[in-house]
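Below are the chains, spelled out letter by letter.
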Amino acid sequence: MKLRRKVYMVAGYNTISMGTGRSEFHPKKPRPGLQDYIKEAGENVLSHIGGAKNVDECVIANFIASRYNKQANLAAFFPYIDPELTYKPCVRVEGACATGGLGLATGIKSVLAETADVVLVVGVEVQNSVKAVYGADILAAAGWYKERKDGHAHFFPGKFSDRAGAYFKKYGREKTRQAMARWYYNAIENARLCPTAQEFENQQKKLEELALTEPNPRMFVDHLNVYDCSKVSDGASAIAIVSEEGLKRCGISKNDAIEVVGLGQAEYDLTKAPEDPVRLITTEVAVKKALVMAGITRDQLATVECHDCFTIAAIMAIEAMGFAQPGEGSDFILAGHTSRKGRIPFNTTGGLIGWGHPTGATGVHQAVTIWEQLTEKAGNSQVKIPAGKPYAMSVNMGGDDKTLVSLVYKKC
Amino acid sequence: MKYEEKLENVTVLGAAGKMGSGILFLTATEMTRQKFLPVNKNREFVLYALDTSHKALSNLTTYIREQAWKFAEKNIVILRKTYQDRADLIDNEQIIRQYAQDLLGIIRPVTRIESAFDSNIIFEAISENPDLKVELMSTINKNNRNKPWFFTNTSAIPISWLDEQAQLNGRIMGVHFYNPPAVQKLLEVVKTENTRPELSYFVTDYIKNTGKIFVFAYDVAGFIGNGYFMRDILFAEKMVNELQEDFSYVQSVYMVNKISQDFLIRPMGTFQLVDYVGIDVVQFIMSVMKPHVSKENIHSPLVDQHLHELVKGGQYPEGSQKNGIFKYEKGQIAAVYDLRKKRYIPVSEFREECDEYLGALPADWQPWRKITRNPEKDETLKKYFENLRLSKKPGAQLAREYLIKFREIASDLVKNKVAFKFDDVNAVLIYGFHHAYGPINDYL
């Protein structure tokens, strides 16, 4: 199935991904709240699309502010961004860490349904409101609640640690750990080029050595160390999804836009364990759907944003996307193919590990990064987009490979 | 009697004090851990928190609750397993709350010494008052049929003297915690010729189970920690006196503190550390050590003069620094107390002149916090000290002098049989005083 109407993304914006690692961050000092991030991201997009008057609909993507910030009914924050958004149709979507991707999908569908020509999508999460040990309780809601009692204290690191353990057993530990460390190195290297990244100021010299720190099961999980995990982040990302008419209304040239050419969504039963712990099967399905809809092969992609909530997830995502055979994702990374100068640069602003993972914003941040790359607006983060490869892809995963949104984008 | 049986009934004397509260908390964590072991299912564990003031004991409960929450947060991975059978406890938060409740459940805040008459173990953490220590331990010993074991937190008084005075028959051992005990990793353990071996076995297990490390010290007044620190103060004071030939008193104090902090890359300068510990506490330790150290004069006129002016230092209950040799603003040194003018002189009035005289810090210098986290610490320190060695600036020269004395004090502690070996002195300085490096080193 092809998209029945041209859909574009324009005017992306990311706030800083705030949390440990940023010099502005102090856990005991007042910080911006949910409304501040929403406003900053929303206002910046509006300023580039001719103002709120041009917006038909709004989508806010947020995983779980009701627990992190004691705040629900987030769609009603749009008039707070700009009074001209008052009385416009707004909706909030949620799908765990794929919330941002679902926000984009919702906006795309509004444009396709011709109920809107301009949709403002804002993804946001503010998670530093509680200590990580309590955040783990909140994030566990992305899994099945009946698994919480027997789950690990750090619920999702526990889930992916189990996957890493299974992967080590099947494909070998040493090389996999080296690839995980290299992934971390690449993530920080990319984040250092992006001023909004949480790891922008990271000055550690021996990154790979650090990333090879042995896991400490007594204090954390069996097979992952902290460098294998994305951090706790506050932040928002926003972008406008527009039709051809929307582009004209906003006065935006196609040179400043990217086209959405493929959308793949997939769900897996929340109450079931993964069919195969060393594969991300729902990711495979979503990516395949997106590529089929776009009518391209992965070899035509110039860059990819994948959901590296954990380094092991990145290795498995590479295999799920078909860049490497099962068990060979580590070789692909260690050969340098995913680095910013490699065959297919991944996560060019650091991904979840380097840029940050404000849960509800992540899917939108991926789209913003790709919009920056394909429109040559990525500043120091810019990678080469070869003329024969005008495509890019994002993969946004919710829970343990449960909710998936994959998008294929094309340079205009 | 087994280790866990001994732990069934414990008393902490001076439980509401700075050291006592930490020892109480650590002991409570260990007793709570024991309580959850299947083998101890039918045992009751009781921990008496003995102090003189109800108000202080009320504050102590708040402190212990906060510490228990922090401890549970840090150890949540293990605690989820501990509470695995409790179907009602699902979230980390529920488990943490329950743990804090269980830990507080074994503590009995009391003000009457009779509570200690049933205890098997007595941790003594009252002020460094030898007579009071003897009186309390002696009273408990006479009235307690369990022949209790005494573990004293004294940082200065010889254990054999306490043993003899309180007539404990070898049922005493020195277990000197560093402040704050809940955080500091290191303990100094002191046994006398009469100390019964069972006490050593017990304390070794206790230290291991509470996640601490220890060094043995000889039973010499001051042991390793204060044996070093008091002499460090006396040397700093000597340097102040020498500098006063060219500079004012406040300038000299400022410069020596700067040398011992910045040039030597320590967490705080010597005089700031005196304020942190409390000038009155330092005087007390010196007075306790003095009669036991015949060859040296462990006595500081500078300390006496401050106390004469009622300038005491020390900390407020919430942990912030009281004014002492220095006046503090937002935790930073803002002024130096002038003993002659009897008022604080702002550092801003003379800092520039002093800093100019001392000269810039040598190349490759890093602040203490940064260097302790630097994975290439040893290499960086080597380069820094080489630059310090080559520098002709007065600050670097004084720092070299200080470092040489630092090493001499440490060597003497081993030579004079206060410490068993150099590594133990280094361990005390690194883990107890949080220095970035030990005094016995190859840097200079």
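Residues numbered from 1 in each chain as written. Chains lettered and ligands numbered in written order. Predicted model: local features only at pLDDT ≥ 70, side-chain atom pairs only at ≥ 80, totals over all residues.

Caption draft 1: Layout of the overall build of chain B. Assigned secondary structure in chain B consists of 18 helices and 11 strands. Here the C-alpha atoms of chain B give a radius of gyration of 23 Å, agreeing with the 22 Å that 2.2 N^0.38 yields for 444 residues. Taking the principal axes of the C-alpha coordinates as reference, chain B spans close to 70 × 50 × 40 Å. Sorting the 444 residues of chain B into buried and exposed places 44% on the buried side. (Helix = DSSP H or I, 4+ residues; strand = E, 2+ residues; numbered from the N terminus. Rg over C-alpha atoms; globule rule 2.2 N^0.38 Å. Buried ≥ 20, exposed ≤ 12 C-beta atoms within 10 Å, placed from the backbone.)

Caption draft 2: Region of interest: the packing of helix α9 (residues 223–243) of chain B against helix α17 (residues 394–415) of chain B. Residue and element names in this part refer to chain B. Contact geometry of α9 with α17 gives a least axis separation of 10 Å together with a crossing angle of 150°. Comparing their axes, α17 and α9 come out roughly antiparallel. Every pair of crossing elements has a handedness; the one defined by α9 and α17 is right-handed. Between α9, through I224, G227, Y228, R231, D232, F235 and M239, and α17, the contact on the second element is made entirely by L398, K405, I409, A410 and L413. (Axes fitted to C-alpha atoms, helices over the stretch in contact; angles between N-to-C directions. Parallel < 35°, antiparallel > 145°, perpendicular 65-115°, else oblique. Left-handed = near helix turned anticlockwise from the far one by under 90°. Contact = placed C-beta atoms within 7 Å.)

Caption draft 3: Here's a closer look at the sheet that holds strand β9 (residues 403–411) of chain A. Residue and element names in this part refer to chain A. Reading across the sheet, the 9 strands line up as β3-β2-β4-β5-β1-β6-β9-β8-β7 and stay open at both edges, with mixed pairing between neighbours. Each edge of the open sheet carries a strand with a single partner, namely β3 (90–93) and β7 (301–305). Going from strand to strand, the sheet's axes swing by 30° on average, the running direction of each strand aside. Relative to strand β6 (residues 257–267), strand β1 (residues 7–14) runs antiparallel, the two sharing 4 bridges. Bridge pairing in β6 places V10 opposite A257. (Pairing = 2+ DSSP bridges.)

Caption draft 4: Highlighting the sheet that holds strand β11 (residues 343–346) of chain B. Residues and elements named next belong to chain B. Spatial ordering of the open sheet is given by β9-β10-β11, a layout of 3 strands whose pairing is antiparallel. Either end of the sheet is taken by a strand with one partner, and the two such strands are β9 (326–329) and β11. For this sheet, the mean inter-axis angle between neighbouring strands, taken without regard to orientation, is 40°. In this sheet, strand β10 (residues 332–338) lies alongside β9 in antiparallel orientation, the contact comprising 4 bridges. Residue pairing across strands places F326 opposite V336, the latter belonging to β10.

Caption draft 5: Expanded view of the domain arrangement of chain A. Residues and elements named next belong to chain A. Here chain A is described as being made up of domain 1 (7–131 + 232–257) and domain 2 (152–213 + 259–411). Relative to domain 2, the C-alpha centre of domain 1 lies at a distance of 22 Å. In this complex, domain 1 contributes 42 residues to the contact, which on the side of domain 2 involves 36 residues. Counting residues per element, the ones that place at least two in the side of domain 1 that touches domain 2 are β1, α4 (99–112), β4 (118–126) and β5 (234–242). In terms of residue count, the dominant contributor to the side of domain 1 that touches domain 2 is α4 (8 residues). Residue classes in the side of domain 1 that touches domain 2 are distributed as 19 nonpolar, 19 polar and 4 charged. (Domains from an automatic or database assignment. Nonpolar A, V, L, I, M, F, W, Y, C, P; charged D, E, K, R; others polar.)

Caption draft 6: Structural context of the environment of K384 of chain A. Tracing the backbone through its elements, the reader meets K384 of chain A in the loop between α14 (359–374) and β8 (391–398). For K384 of chain A and P89 of chain A, which are 295 residues apart along the polypeptide, the C-alpha to C-alpha distance reads 39 Å.

Caption draft 7: The arrangement of unusual backbone geometry in detail. Residues and elements named next belong to chain B. With omega at -5°, the peptide bond leading from N179 into P180 counts as cis. With respect to the helices and strands, P180 occurs in the loop between β6 (172–177) and β7 (186–190). Unlike most non-glycine residues, K147 shows phi in positive territory, near 50°. Locating K147 in the fold gives a position in the loop between α6 (130–143) and β5 (149–152). Accessibility expressed as a C-beta count within 10 Å gives 12 for K147, which makes it exposed.

Caption draft 8: Structural view of the environment of D228 of chain A. All names here are of chain A. Checked against the element boundaries, D228 lands in the loop between α8 (207–211) and β5. Given 29 C-beta atoms within a 10 Å radius, D228 is considered buried. Taking the C-alpha atoms as reference, D228 lies 7.8 Å from I353; in sequence the two are 125 residues apart. When sequence neighbours within four positions are dropped, the list of residues in contact with D228 reads M180, F310, T311 and I312.

Caption draft 9: The interface of chain B and chain A, seen in detail. The partner chain A presents 12 residues to the 10 residues of chain B that form the contact. Listed by contribution, the elements that provide at least two residues to the side of chain B that touches chain A are α4 (76–82) and α5 (92–105) of chain B. A total of 4 residues in the side of chain B that touches chain A trace back to one element, the largest contributor, which is α4 of chain B. Here the residues of the side of chain B that touches chain A sort into 5 nonpolar, 1 polar and 4 charged.

Caption draft 10: The domain arrangement of chain B, seen in detail. Residues and elements named next belong to chain B. Domain annotation for chain B reports domain 1 (3–217) and domain 2 (223–432). Domain 1 and domain 2 are separated by 32 Å when their C-alpha centres are compared. At the interface, 17 residues of domain 1 touch 17 residues of domain 2. Mapped by element, the contributors of at least two residues to the side of domain 1 that touches domain 2 are β7 and β8 (213–217). Element by element, the count of residues in the side of domain 1 that touches domain 2 is highest for β8, at 4 residues. Among the residues making up the side of domain 1 that touches domain 2, the classes are represented as 11 nonpolar, 3 polar and 3 charged.

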